[in-house]
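What follows is the residue order along each chain.
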Amino acid sequence: MNAESDGRGGIATVDSGGDGTGVSGAEAPSEPVPGSRAPAFVRKSRALRLSWQVGVFLVGLAVVAAGVVMLPLPGPGWLVIFGGMAVWATEFVWAQLVLRWTRRKVAGAARKALDPRVRRRNLILLTAGLVIVAVLLAIYVRQFGVVMPWKIRE
C-alpha cells in the first residue's frame, strides 16, 4: 500500500492495489478538491466573482451570527453555525478545510463514544451525577420543604 501526494497541498491518494494507479479494483472515493463552486460565468468576470464572494460571505455571516445568538437562547445554535460554515465553504477554501477538520473530529468522537468501555464509563458517571443531584434535592426539600411559587408570602 503506497500513499502519495498529488501536489494539491497534501491531499493523498492511496494505492492499495500496488499497481501504481491509485485505485484497487473499484474507484476509491475521494474528497472534492478545495475551491470555488461558483458557476462558470461568475468565475470568468472579476467583478462578478468579487461580488459573488461578498454575497456568499454576507449570507454566511448572517447565518453564523444567527447561530451565535442561538447559543444562549433556545435553538440549534451549533447546527446553524456549521450551516453558515457550509455556506462559506461553497466559496472559501479556509471554510472547506475547517469543515473537513470538524467532520474528522466528530467522526472520531462518534467512534470513541461507541466503544463499550467508554459507554460503560459514561453510564457510571451519569448515574453518579443523578445520585448527587437527588441527594442535594432531598437535602433542600428536608431543609425548606416544598412551597409552590403561587403560595409564597412576602
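Just so you know, these numbers come straight off a predicted model, no measurement behind them.

Description of the overall build of the chain
- Across its full length, the chain holds five helices and two strands.
- Along the chain direction, N to C, the helices and strands of the chain fall in the order β-β-α-α-α-α-α.
- Burial status across the chain gives 16% buried among its 154 residues.
- Counted over contacts in the chain with a minimum sequence separation of 6, partners at least 24 positions apart contribute 38%.
- Of the roughly 12,200 Å² of accessible surface on the chain, a fraction of 67% belongs to carbon and sulfur atoms.

What to know about the packing of aromatic side chains
- Tallying each qualifying case throughout the model produces six aromatic pairs.
- Aromatic pair F57 and F92: ring centres 6.4 Å apart, planes at 85 degrees, arrangement edge-to-face. On the criterion of sequence distance, the pair formed by F57 in helix 2 (residues 46-70) and F92 in the loop between helix 3 (77-89) and helix 4 (93-113) is long-range, its members being 35 residues apart.
- Relative accessible area serves as the criterion here: at 34%, F57 is assigned to the partly exposed category.
- Through a chain of ring-to-ring contacts, the aromatic side chains of F57, W88, F92 and W94 assemble into a single cluster.

Considering the nonpolar core
- The biggest cluster of nonpolar side chains holds eight residues, and these are V56, V64, M85, W88, A89, F92, A95 and L99.
- For this core, the elements supplying multiple residues, two or more each, are helix 2, helix 3 and helix 4.
- Top element by residues in this core is helix 3. It accounts for three residues.
- Setting aside residues no more than four positions away along its own chain, L99 makes contact with F82, M85, A86 and A89.

Considering the pattern of salt bridges
- For the structure on display, the rule yields one salt bridge.
- Note that R117 is salt-bridged to D115, the shortest N-O span being 3.7 Å.
- Relative accessible area serves as the criterion here: at 23%, D115 is assigned to the partly exposed category.

A closer look at the confidence of the model for the chain
- The predicted model of the chain averages 78 in pLDDT, with 74% of residues at 70 or higher.
- The least confident element of the chain is strand 1 (residues 2-5), whose mean pLDDT is 44; the most confident is helix 5 (residues 116-144), at 93.
- In this model residues 1-25 is a low-confidence stretch, pLDDT under 50, and it forms 26 contacts with partners more than four residues away in sequence or in other chains.

Focus on a nonpolar patch on the surface
- A grouping of L137, Y140, V141, F144, V146, M148 and W150 is seen on the molecular surface, where their side chains present a nonpolar patch of about 800 Å² in accessible area.
- Take F144: its relative accessible area is 55%, and that puts it in the exposed class.

Some details on helix 4
- For helix 4, spanning 21 residues, the distance from its first C-alpha to its last is 30 Å, which sits close to the expected 30 Å at 1.5 Å a residue.
- Considering only its buried residues, helix 4 is in contact with helix 3.

Criteria and thresholds
- Residues numbered from 1 in each chain as written.
- Predicted model: local features only at pLDDT ≥ 70, side-chain atom pairs only at ≥ 80, totals over all residues.
- Heavy atoms only, no water.
- Helix = DSSP H or I, 4+ residues; strand = E, 2+ residues; numbered from the N terminus.
- Buried < 20%, exposed > 50% of the residue type's maximum accessible area, 1.4 Å probe, protein only.
- Contact = heavy atoms within 4.5 Å.
- Areas by Shrake-Rupley, 256 points an atom, 1.4 Å probe, with all protein chains shown as cover.
- Phe/Tyr/Trp six-rings, centres within 6.5 Å; stacked < 30°, edge-to-face > 60°.
- Core = buried A, V, L, I, M, F, W, Y, C linked by side-chain atoms within 4.5 Å.
- Salt bridge = Lys/Arg side-chain N within 4 Å of Asp/Glu carboxyl O.
- pLDDT = per-residue confidence, 0-100.
- Patch = residues over 30% accessible without salt bridge, like charges linked within 9 Å, V, L, I, M, F, W, Y side chains within 5 Å.
- Expected span 1.5 Å × (residues − 1).

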